[in-house]
Amino acid sequence: MTTALFRTCPDTGFKIDLKVDKLIKWNAVTAIVFLMVGGVFGLGVAMTRWPAVHLLPADWFYLALTAHGVDVLLVWLIFFEMALLYFCSAILLNSRLAAPKVAWVQYGMMLVGALITNVAILQGDSSVMFTSYVPMKAAPAFYLGIILFAVGALMGCFVFLGTLYIAKKEKTYEGSIPLVTFGALTACIIAIFTIGAGAVILIPTLLWSMDFINYIDPLIYKVIWWALGHASQQVNVAAHISVWYAIAAILFGAKPLSEKVSRTAFFLYILFLQLASAHHLLVDPGLSSEYKIFNTSYALYLAVLASMIHGLTVPGAIEAAQRKKGYNKGLFEWLRKAPWGNPVFSGMFLSLNMFGFLGGISGVMMGTEQLNIIIHNTIYVPGHFHGTVVVGTTLAFMAFSYWLVPTLWQRELVFPKLAKWQPYLFGLGMGMVSVLMMGAGTLGVPRRLWDMSYSDAAMPYEFPAAAFLMMGLNGVFALVAGVGAIIFIVQMVGTVMWGKKKVPAAAAPETAAAPAAPARTPEASAVSSYGSAGTMEVPGTFVLALIFLVTFMLYYFVNWKYLSSVWGLS
Amino acid sequence: MAIFPPAKAVWWNEPVEKSEILWVVIALLWSLFMFFMMPYWHITGKQNLSNEAYRISADAFAEKTEAMADKYTVGEVGDTGVPIVAPPVGTDVYLYGRRWEWWPALKFKKGETYRLHLSSLDWLHGFSLQPVNINLQVQPGYEMVVNITPTTSGEFSILCNEYCGIGHHTMVGKIYVTDK
Ligand code: HEM
Ligand SMILES: [Cu+2]
Ligand SMILES: [Cu+2]
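Notes on the structure follow. (Residues numbered from 1 in each chain as written. Chains lettered and ligands numbered in written order. Predicted model: local features only at pLDDT ≥ 70, side-chain atom pairs only at ≥ 80, totals over all residues. Heavy atoms only, no water.)

A few points about the overall build of chain A
Heads up, the rule is: Secondary structure counts use DSSP, requiring at least four H or I residues in a row for a helix and at least two E residues in a row for a strand, with both numbered from the N terminus. As a reference, a globule follows 2.2 Å times the number of residues to the power 0.38, and the radius of gyration itself is taken over C-alpha atoms. Burial classes: relative accessible area under 20% of the type maximum marks a residue as buried, over 50% as exposed, and values in between as partly exposed (1.4 Å probe, protein chains only). Contacts are assigned to residue pairs with any non-hydrogen atoms lying within 4.5 Å of each other. Methods summary: accessible areas were calculated by the Shrake-Rupley approach with a probe of 1.4 Å, and residue burial reflects only the protein chains presented. Note that His is not counted, nor are the chain ends; the positive residues are Lys and Arg, and the negative ones are Asp and Glu. Throughout, a charge is located at the NZ atom of Lys, the CZ atom of Arg, the CG atom of Asp or the CD atom of Glu.
Looking only at helices and strands, chain A has 16 helices and three strands in total. By the compact-globule yardstick of 25 Å for 570 residues, chain A fits well, its C-alpha radius of gyration being 23 Å. Dimensions of chain A, computed from the C-alpha atoms along their principal axes, are close to 75 × 55 × 45 Å. Evaluated residue by residue, chain A yields a buried proportion of 65% over its 570 residues. The long-range fraction of contacts in chain A, counting pairs at least 24 apart against all pairs at least 6 apart in sequence, stands at 82%. Of the roughly 19200 Å² of accessible surface on chain A, a fraction of 73% belongs to carbon and sulfur atoms. Charge-centre separation for chain A: the mean point of 33 positive side chains lies 11 Å from the mean point of 24 negative side chains.

Below you can see the structure in the form of structure tokens.
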């Protein structure tokens, strides 16, 4: 079994199992292809919600929306996460991969599952949205595909855990696993919980769609489905935070300010992120306020606390590393002198900020029991999660791809100039999409709605002009983001296929993401020290964190004020 | 570096940087504050859901709704055939959603509190009262009771904001509120 063949990465010095090399490549490329498919559906949806354009007919709109949700939220993110799990285990630990055959089963099942569900959706009788709330029924193939996909992902999780075990046993590293691997482990543990919950609800639903079971309680469905649906978002969070740490390390040689604090923060995720399925049930009947408050707040907001900690420690690590290099002037020289033209950095830093300011703040607001009343199921909700999974996770994964793809394939990016702009186009475009949907949602515009002018309704309702304006601008910025997404996809596929072979010594210094460290021997680690050792204070980051906190507080209270103005409910 | 094992084998008793400790404390306090804000609003706020709910069949709920409409109908919304019902203050008020209508239309008095029962006869629907912006989930098989007190008057629309099939974007109902 220990006959794995390795190559040494010329950029990083990591020992790479040839089998894992291939698996990471296939998972990552497949992910990117599905991002493209899902992105096209997303553009179709956004162009339909632009009132003046109203592109698709109603049935196609609901079909496209279902396909969009499935292809981006599940297929793109989870395929990419499989690549990340293999990277964080085998490569970062210089180990061979446990059970490569099982890993190929993972890949195969996920691919087949994704295809089956896509075909079911395209056939037209499964436009049930990715949430597929019962008693609305999809074709059995819709659920079957998702189940296969999920079981495939579960295998990937086991291969990851197996690899950690092998690496420990074969002593391929010394001491504790790296922080990034620890973050990936967090994601993996939450993923296993998530897939378990998914099995509990989706298998009966499949049987029900085949008429073997005749009733599934819609409230219980929702409760268990969101144990899958919400917790899986925390897989994304843990994964993209690991990517932030990884990028900080690769680009800046940044050390965590404190291993202890960062790891504890990840550990809080494991303890509390399984909660919060109640985010989606705050205005449902049949659940008590005690349950709602406890669950929606992840106990005492302890997972939010963890995210706020990472929000400080990731940029803090970068600041500390930059200051060590001499960028010490004032509060922000370290940030001004950061490589803003390098998409690995700009993508990561935009992701970090927008995830916090857009996705994070809005998520806590709408996850508050009573505040949910003013936004539930409005288009505010998609606004929020385009601030989390799109400008947060997707953008972080894009940034990482700018490093991973040239490094693994040993090729240069095909369009390095365009690469500089891409994170800004996609990130800022999507950031505006997120803000505008939140704005329209605050005015009550529903999500998943084909026609906000209600021209086919028996009774009229007219939204204020501002709502129409925001949905129109939303379409415009969706186009901007769409261009960004296309550039990314062309860039990646192009690099893999036609990119110029790198000269082994890794000549390209900046845009292709310079090597982080030479081959590292255990002794080398003894030289490095804590990020916070010596004079290392991080005043700039601290100021940024305070700005974040003040924004958070203001926004939070503004919404309580808004709530207090609506009709009385008791 | 975060992609390598911790530099010091014993990383768990390394010192923690000052600004980091301070931030953890601030963030923890803010987290606790936000947590306690929810029970606090239950005590002092005027917008809380009652959590009163029952299981009920679609037929039984439709029957109760029709019985109420039979007694208190005062008109019709345009020529839609949907009755406008003005239940007296203090009685139970019923409203159901089904593909793709809210039934019946209701007439309330401003400042009075009504015991509003909501349910769905088929799939999930979303009760979204506009432009007030109150949004509730309506489940089939469950009867949710909310005590609702209109504080503004005029014509209000109930949009459906839970996707409920191809007619989702036509599902609009009405609540009228008169000044006393
Ligand atoms: C070009 C890129 C994209 C555009 C233009 C776009 C646009 C939109 C729009 C307009 C909606 C519809 C809101 C509604 O009517 O309810 C939507 C829904 C959604 N988007 Fe995107 N999006 C994009 C990328 C992504 C990505 C990368 C992800 C995930 C990683 C994502 C996840 C979702 C999800 C989960 C929904 C909800 C679907 C549902 O309600 O069932 N989107 N998107
Ligand atoms: Cu409806
Ligand atoms: Cu609907």
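Here we look at the packing of aromatic side chains
We count it as follows: Pairing of aromatic side chains requires ring centres within 6.5 Å, counting the rings of Phe and Tyr and the six-membered ring of Trp. Pairs whose planes differ by under 30 degrees are stacked, by over 60 edge-to-face, and all others tilted. Note on criteria: charge over ring means Lys NZ or Arg CZ within 6 Å of the ring centre, with the direction from the centre no more than 35 degrees off the ring normal.
Scanning the model with the defined rule gives 47 aromatic pairs over all chains in all. Arranged with centres 6.4 Å apart and planes meeting at 65°, the rings of A:Phe182 and A:Phe266 form a pair that is edge-to-face. Of this pair, A:Phe182 sits in helix H5 (residues 179–209) while A:Phe266 sits in helix H7 (residues 259–272), and the two are 84 residues apart along the sequence. Judged by relative accessible area, which is 17%, A:Phe182 ranks as buried. Their ring planes at 80° and their centres at 6.1 Å tell us that A:Tyr556 and A:Trp560 sit as a pair that is edge-to-face. One end of the pair, A:Tyr556, and the other, A:Trp560, are both in helix H16 (residues 539–564), four residues apart, so they sit about a helical turn from each other. By the burial criterion, A:Tyr556 is buried, and A:Trp560 matches it. Through pairs of rings, three or more aromatic residues link up here, namely A:Phe357, A:Phe548, A:Phe552, A:Tyr556, A:Phe557, A:Trp560, B:Trp30, B:Phe33 and B:Trp41. Taking the ring centre of A:Trp208 as reference, the NZ or CZ of A:Lys137 above it sits at 4.7 Å. The cationic tip of A:Arg263 hangs over the ring face of B:Trp11; the distance from NZ or CZ to the ring centre is 4.8 Å.

Focus: the site of ligand 1
Residue and element names in this part refer to chain A. In plain terms, the rule: Here a residue is near a molecule or strand as soon as one of its heavy atoms is found within 4 Å of it. Definition of a polar contact: a pair of N or O atoms within 3.5 Å, with one able to donate and the other able to accept a hydrogen when the atoms are protein atoms, and with sequence-neighbouring residues admitted only if both atoms are side-chain atoms. All amino acids are sorted into three groups, where Ala, Val, Leu, Ile, Met, Phe, Trp, Tyr, Cys and Pro are nonpolar, Asp, Glu, Lys and Arg are charged, and the leftover types, Gly among them, are polar.
Around ligand 1, the surrounding shell holds 22 residues, and the nearest of these are Arg49, His68, His386, Arg447 and Arg448. Arg49 is positioned with one of its side-chain polar atoms (N or O) 2.9 Å from an oxygen atom of ligand 1. Breaking the shell around ligand 1 down by element, the ones donating at least two residues are helix H1 (18–49), helix H2 (58–91) and helix H12 (380–409). Its residues placed into classes, the shell around ligand 1 shows 15 nonpolar, four polar and three charged.

A few points about a nonpolar patch on the surface
Note the following rule: Patch membership needs two things, relative accessible area over 30% and no salt bridge, and members are linked within 9 Å if like-charged or within 5 Å if nonpolar (Val, Leu, Ile, Met, Phe, Trp, Tyr). Salt bridges are identified by distance alone: a Lys or Arg side-chain nitrogen within 4 Å of an Asp or Glu carboxyl oxygen.
A cluster of nonpolar residues, A:Val29, A:Val33, A:Met36, A:Val37 and A:Val40, forms a patch on the protein surface that exposes about 350 Å² of accessible area. With respect to the element layout, A:Val37 can be found in helix H1.

A closer look at the coordination of the copper ion (ligand 3)
Residues and elements named next belong to chain B. Selection rule: Coordination partners: N, O, S within 2.8 Å of the metal, 3.2 Å for Na, K and Ca; water not considered, so apparent gaps in a site are possible. In this scheme the shape depends on donor count and angles: four donors with every angle between 85 and 135 degrees give tetrahedral, four or six donors with opposite pairs above 155 degrees and others between 65 and 115 give square planar or octahedral in turn, and any other case is irregular.
Binding of the copper ion (ligand 3) to the protein goes through Cys160 (SG), Glu162 (O), Cys164 (SG) and His168 (ND1), at separations of 2.0 to 2.3 Å. Around the copper ion (ligand 3), the four donor atoms sit at angles spanning 90 to 123°, and that spread fits a shape best called tetrahedral. Of note, the copper ion (ligand 3) draws all its donor residues from one chain, in the sequence arrangement C-x1-E-x1-C-x3-H. In this structure the copper ion (ligand 2) is found 2.7 Å away from the copper ion (ligand 3), and Cys160 serves as a bridging donor for the pair. For the residue pair Glu162 and His168, the accessibility class agrees, reading buried in each case.

As for H12(A)
All names here are of chain A. Note the cut-off: To estimate the expected span of a helix, subtract one from its residue number and multiply by 1.5 Å.
If you check H12, its first and last C-alpha atoms are 40 Å apart, about what 30 residues at 1.5 Å a residue would give, namely 44 Å. Of all 30 residues in H12, 29 are buried, a share of seventy percent or more. Remark: Gln410 follows H12 within two positions and exhibits a positive phi of approximately 55°.

Some remarks on the pairing of strand E11 (residues 154–160) of chain B
Residues and elements named next belong to chain B. This is how the line gets drawn: If DSSP finds at least two bridges between two strands, the strands pair.
Burial runs high along E11: five of the seven residues are buried. The pairing of strand E8 (residues 125–130) with E11 spans four bridges and is antiparallel. Bridged to Gln130 within E11 is Ser157. Pairing analysis gives six bridges linking E11 to strand E12 (residues 172–178), with the strands arranged antiparallel. Residue pairing in the sheet places Ile158 in a bridge with Gly173 of E12.

Points about the pairing of strand E6 (residues 105–109) of chain B
Residue and element names in this part refer to chain B. Across two bridges, the pairing between strand E3 (residues 83–85) and E6 is parallel. In the sheet register, Val85 faces E6, and the bridge partner there is Leu106. When E6 meets E12, the two strands line up parallel, connected through four bridges. Bridge pairing in E12 places Lys107 opposite Tyr176.

Overview of the interface of chain B and chain A
Between chain B and chain A, the contact holds 89 residues from the first and 117 residues from the second. If you look at where chain B meets chain A, you find two salt bridges. Salt-bridge contacts for B:Glu162 lead to A:Arg448; the nearest nitrogen and oxygen are separated by 3.7 Å. The tally of links from chain B across to chain A stands at 41 residue pairs in polar contact (both at pLDDT 80 or more). Of all the elements in the fold, those that place two or more residues in the side of chain B that touches chain A are helix H1 (18–44), strand E1 (52–55), E8, strand E9 (134–138), strand E10 (142–149), E11 and E12 of chain B.

Remarks on the coordination of the iron atom of ligand 1
Residues and elements named next belong to chain A. Protein ligation of the iron atom of ligand 1 involves His68 (NE2) and His386 (NE2), the donor distances falling in the range 2.0 to 2.1 Å. Geometry at the iron atom of ligand 1 is octahedral, judged from its six donor atoms and the angles of 85 to 179° they form at the metal. A residue pair is termed long-range when its members are at least 10 positions apart, and His68 in helix H2 and His386 in helix H12 qualify at 318 residues. Here His386 falls in the buried class, since its relative accessible area comes to 12%.

Looking at the sheet that holds E9(B)
All names here are of chain B. Counted only if it meets this: Interaxial angle, 0 to 180 degrees, is taken between N-to-C directions of lines fitted to C-alpha atoms, where a helix line uses only the stretch in contact.
Here seven strands make up an open sheet; going across it, the order is E2-E3-E6-E12-E11-E8-E9 and the pairing mixed. Whereas interior strands pair on both sides, the edge strands pair on one side only; in this sheet they are strand E2 (73–76) and E9. Going from strand to strand, the sheet's axes swing by 25° on average, the running direction of each strand aside. Here E8 pairs with E9 via five bridges, running antiparallel. Bridge assignment links Phe127 to a residue of E9, and that residue is Leu136. Relative to the sheet, helix H2 (residues 58–72) contacts E2, E3 and E6, its axis offset from that of E2 by approximately 90°.

Section: the nonpolar core
Just so we agree on the cut-off: Among the buried residues, those of types Ala, Val, Leu, Ile, Met, Phe, Trp, Tyr and Cys that are joined through side-chain atoms within 4.5 Å form a nonpolar core.
Core analysis: the largest hydrophobic core is formed by 267 residues, its most contacted members being A:Phe400, B:Ile3 and B:Phe127. If you tally residues by element for this core, the top one is H2(A), at 25 residues. Apart from the residues within four sequence positions on either side, A:Phe400 is in contact with A:Phe80, A:Leu84, A:Phe87, A:Val243, A:Ala246, A:Ile247 and A:Ile250.

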